[in-house]
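Chain by chain, the residues:
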Amino acid sequence: MSHHQITEARRRLHRSELAVPGSRPELFEKAAASQADYVFLDLEDAVAPDEKAAARANVIEALGDIDWRESNKTISVRINGLDTHYMYRDLIDVVERAGAHVDTILVPKVGAPGDIYTVDALLTQLEQAMGLSDRIGVEALVETALGMANVEAVAASSPRLEALHFGVADYAASCRARTITIGGLNPDYPGDQWHSALSRMLVACRANGLRAIDGPFGDFGDPDGFIAGARRAAALGYEGKWAIHPAQIELANEVFTPPESEVDQARRVLEALEEAAAAGRGAAQLDGRMIDAASARMALNVVETAEAIANRES
Ligand code: COA
Ligand code: MG
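Residues numbered from 1 in each chain as written. Chains lettered and ligands numbered in written order. Predicted model: local features only at pLDDT ≥ 70, side-chain atom pairs only at ≥ 80, totals over all residues. Heavy atoms only, no water.

1. Thoughts on the packing of aromatic side chains
- Enumeration according to the criterion identifies six aromatic pairs in this entry.
- Ring geometry for Phe40 against Trp242: centres 4.8 Å apart, planes inclined by 55 degrees, an arrangement best described as tilted. A residue pair is termed long-range when its members are at least 10 positions apart, and Phe40 in strand S2 (residues 38-42) and Trp242 in strand S8 (residues 240-243) qualify at 202 residues. With respect to burial, Phe40 and Trp242 carry one shared label: buried.
- Ring plane angle 65 degrees and centroid distance 5.2 Å describe the contact between Phe166 and Tyr171, whose orientation is recorded as edge-to-face. (Phe/Tyr/Trp six-rings, centres within 6.5 Å; stacked < 30°, edge-to-face > 60°. Helix = DSSP H or I, 4+ residues; strand = E, 2+ residues; numbered from the N terminus. Buried < 20%, exposed > 50% of the residue type's maximum accessible area, 1.4 Å probe, protein only.)

As structure tokens, this is what we get:
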């Protein structure tokens with residue numbers, strides 16, 4: 001390991017994150033009762049400009065009225081972007097009036113570390129003024145060319161940061177990629193046209209102890225397309241994916257839950273290496289394959305994820 005130690009963000013189970021427009025309060029109870037690990041109440045792009053103020057009021061009321069954390073859920077609010085005049089009031093009103101009930105603030109269209117600095121500074125003042133003892137986390141959507149160009153600096157910008165999310169739709173728009181669908185593959189491209197962006201963001205996250213979360217897949221009638229995208233993200237190291245419709249929650253939970261066979265195999269790796277260590281060896285063989293300390297680190301990731309899921313379910 002490098003002498004440079006990575007401080008890990010607070011861990012949260014984050015397999016599925018349900019998006020819920022703040023302007024549709026009739027969905028809130030359903031979202032709270034869903035199997036999503038995470039819910040974000042949206043004040044940004046799922047809310048029309050004329051509905052912004054009403055959505056903010058709905059969200060503040062629902063944060064107080066519904067016990068979102070009852071089933072170990074994480075509750076987040078997506079505020080409007082720093083380029084809008086809604087943003088300051090979103091942050092101030094939500095935290096002043098319901099800050100004790102919010103786990104994280106999701107900041108859209110982050111372009112530079114200063115965007116996170118601004119939110120961090122305001123949150124710090126708000127927490128002090130309101131006497132909030134639980135630090136509110138910050139999550140950032142990387143969904144513009146500027147955000148991706150600065151993703152390493154953004155990921156390192158604040159100890160409040162917990163996760164970065166890849167927002168494929170705005171990213172496509174910002175890059176002028178040839179698509180009008182939210183997520184999924186363009187057959188003109190030989191492979192996955194989002195791969196390099198997903199991979200770059202993933203590395204920026206892990207180098208700074210953050211979770212990497214994959215964003216939306218718009219065609220909620222295409223479970224196979226959703227699963228394929230989620231599996232590609234999981235293969236890179238993503239911990240979860242958005243659900244923009246309840247039909248996608250179970251799909252995400254399943255993809256980001258290591259199957260029992262994988263967990264069993266990970267435990268076998270750890271046992272085999274313990275036995276090897278007792279016999280004075282660092283490397284060993286298991287089923288005809290070499291395993292060593294790196295195998296143990298991979299196996300531990302799987303076992304820890306399985307344990308976090310078991311904790312949530314108990
Ligand atoms: N959260 C909780 N419940 C939801 C939901 C959500 N995001 N979306 C739909 N539902 C509920 C519906 O109320 C309905 O419930 P019912 O069976 O009790 O009537 C059920 O799930 C099926 O919904 P359906 O009729 O298929 O969808 P819809 O036409 O009501 O809404 C969308 C479809 C896409 C508009 C809606 O899912 C939505 O707003 N998703 C989130 C969009 C968003 O936040 N975008 C920003 C991030 S990309
Ligand atoms: Mg967006």
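2. Quick word on the domain arrangement of the protein chain
- By domain assignment, the protein chain separates into domain 1 (16-255) and domain 2 (260-313).
- If you average the C-alpha positions of domain 1 and of domain 2, the two centres end up 32 Å apart. (Domains from an automatic or database assignment.)

3. A look at the site of ligand 1
- In the vicinity of ligand 1 lie 15 residues, with Ala19, Leu27, Lys30, Ile244 and His245 positioned nearest.
- One of the backbone N or O atoms of Ala19 is found 2.8 Å from a nitrogen atom in ligand 1.
- Here ligand 1, which alone exposes 900 Å², has 60% of that area covered by the protein.
- Take the shell around ligand 1: its biggest share by element is four residues, from strand S1 (residues 16-21).
- By residue class, the composition of the shell around ligand 1 is 10 nonpolar, one polar and four charged. (Near = heavy atom within 4 Å. Polar contact = N/O pair within 3.5 Å; in protein donor to acceptor, adjacent residues only side chain to side chain. Areas by Shrake-Rupley, 256 points an atom, 1.4 Å probe, with all protein chains shown as cover. Nonpolar A, V, L, I, M, F, W, Y, C, P; charged D, E, K, R; others polar.)

4. Details of helix H7 (residues 168-175)
- Taken residue by residue, H7 has Val168, Tyr171 and Ala172 as its buried positions. Buried residues of H7, viewed axially, fall in a sector of 100 degrees; they line one side.
- Once H7 ends, the next one or two residues include Arg176, with phi positive near 60 degrees. (Arc of directions from axis to C-beta.)

5. Considerations on the coordination of the magnesium ion (ligand 2)
- Bound to the magnesium ion (ligand 2) on the protein side are Glu143 (OE) and Asp170 (OD), at distances that span 2.0 to 2.2 Å. Of this pair, Glu143 sits in the loop between strand S5 (137-142) and helix H5 (145-149) while Asp170 sits in helix H7, placing them 27 residues apart in sequence. (Donors = N, O, S within 2.8 Å, 3.2 Å for Na, K, Ca; no water.)

6. Quick notes on the pattern of salt bridges
- Counted by the stated rule, this structure contains 22 salt bridges.
- Between Glu127 and Arg160 there is a salt bridge, and its shortest N-O distance comes to 2.9 Å. With Glu127 in helix H4 (residues 113-130) and Arg160 in the loop between helix H6 (151-155) and strand S6 (161-166), this residue pair connects regions lying 33 residues apart in the sequence.
- Accessibility expressed as a relative area gives 10% for Glu127, which makes it buried.
- Under the relative-accessibility criterion, Arg160 is labelled buried at 4%.
- One salt bridge in this structure joins Asp214 and Lys241, with 3.2 Å as the shortest N-O distance. With Asp214 in strand S7 (residues 211-214) and Lys241 in strand S8, the pair connects residues that are 27 residues apart, well separated along the chain. (Salt bridge = Lys/Arg side-chain N within 4 Å of Asp/Glu carboxyl O.)

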